[in-house]
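Chain by chain, the residues run as shown.
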Amino acid sequence: MNVARRVGLHALIGWLLLGLLSSNLENDPLDRLLEPWTGRPFAAMGLRQYWAMFAPNPVHNERFVTWVNIGPTGERTVVAQTEEPPFPVGSRAWMGLGYTRASKWDKQVGQKSERYGEPTANAYCRLGGLHGSMELTVASYTTPTPTQRLAGTPVKRVETVAGTWPCP
């Protein structure tokens with residue numbers, strides 16, 4: 001193996017290890033430094049690890065979406081909704097039964113509504129034969145760090161209207 005090829009291979013291995021390190025240090029100063037060089041390319045290739053979900057300081061964010069059809073006369077009808085827990089989030093463990101691929105898609109739409117909102121609203125309108133407009137509301141929960149939780153910091157729930165799109 002020639003020297004240039006060996007150096008290139010070692011450089012590639014070093015870049016891959018830095019990418020794994022960047023995945024493990026989410027929201028860390030070193031991660032912000034490595035993000036343009038390893039984080040974005042790893043995310044584009046589908047290799048981003050998101051190890052920050054594990055201890056000692058796991059990140060936990062949850063989104064629930066509601067699609068409402070606003071009819072031509074102003075009546076509001078819920079078309080689709082991802083189910084929120086029946087008690088305050090974070091007060092105890094909860095697993096939503098009846099998980100569907102559609103609810104996973106709706107959460108993705110809630111996260112990137114500027115990209116997926118309009119086509120999804122159009123799909124709901126056409127599949128349901130709806131008129132008027134579709135409104136997307138996103139309820140976001142951010143869980144504090146374990147240290148903050150022990151200090152009594154509550155889970156924050158923020159509800160926002162992500163967008164309204166006319167039915168074609």
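Conventions adopted
- Residues numbered from 1 in each chain as written.
- Predicted model: local features only at pLDDT ≥ 70, side-chain atom pairs only at ≥ 80, totals over all residues.
- Heavy atoms only, no water.
- Buried < 20%, exposed > 50% of the residue type's maximum accessible area, 1.4 Å probe, protein only.
- Helix = DSSP H or I, 4+ residues; strand = E, 2+ residues; numbered from the N terminus.
- Arc of directions from axis to C-beta.
- Salt bridge = Lys/Arg side-chain N within 4 Å of Asp/Glu carboxyl O.

### Considering helix α4 (residues 113-128)
Moving on, step 1. Those residues of α4 that sit buried are S113, Y116, G117, T120, A121, Y124 and C125. End-on, the buried residues of α4 take up no more than an arc of 165°, which puts them together on one face. Projecting away from the buried face of α4 at angles above 90 degrees are the exposed residues R115, R126 and L127.
Moving on, step 2. Two residues or fewer after α4 comes G129, characterised by a positive phi angle close to 60°.

### Some details on the pattern of salt bridges
Moving on, step 1. Scanning the entire structure with this criterion turns up two salt bridges.
Moving on, step 2. The shortest N-O distance in the salt bridge between R76 and E135 comes to 2.5 Å. Separated by 59 residues along the polypeptide, R76 in strand β2 (residues 76-81) and E135 in strand β3 (residues 133-143) bring together distant segments of the chain.
Moving on, step 3. Here R157 makes a salt bridge to E159, at a shortest N to O gap of 2.9 Å.
Moving on, step 4. The class for R157 is partly exposed, based on a relative accessible area of 39%.

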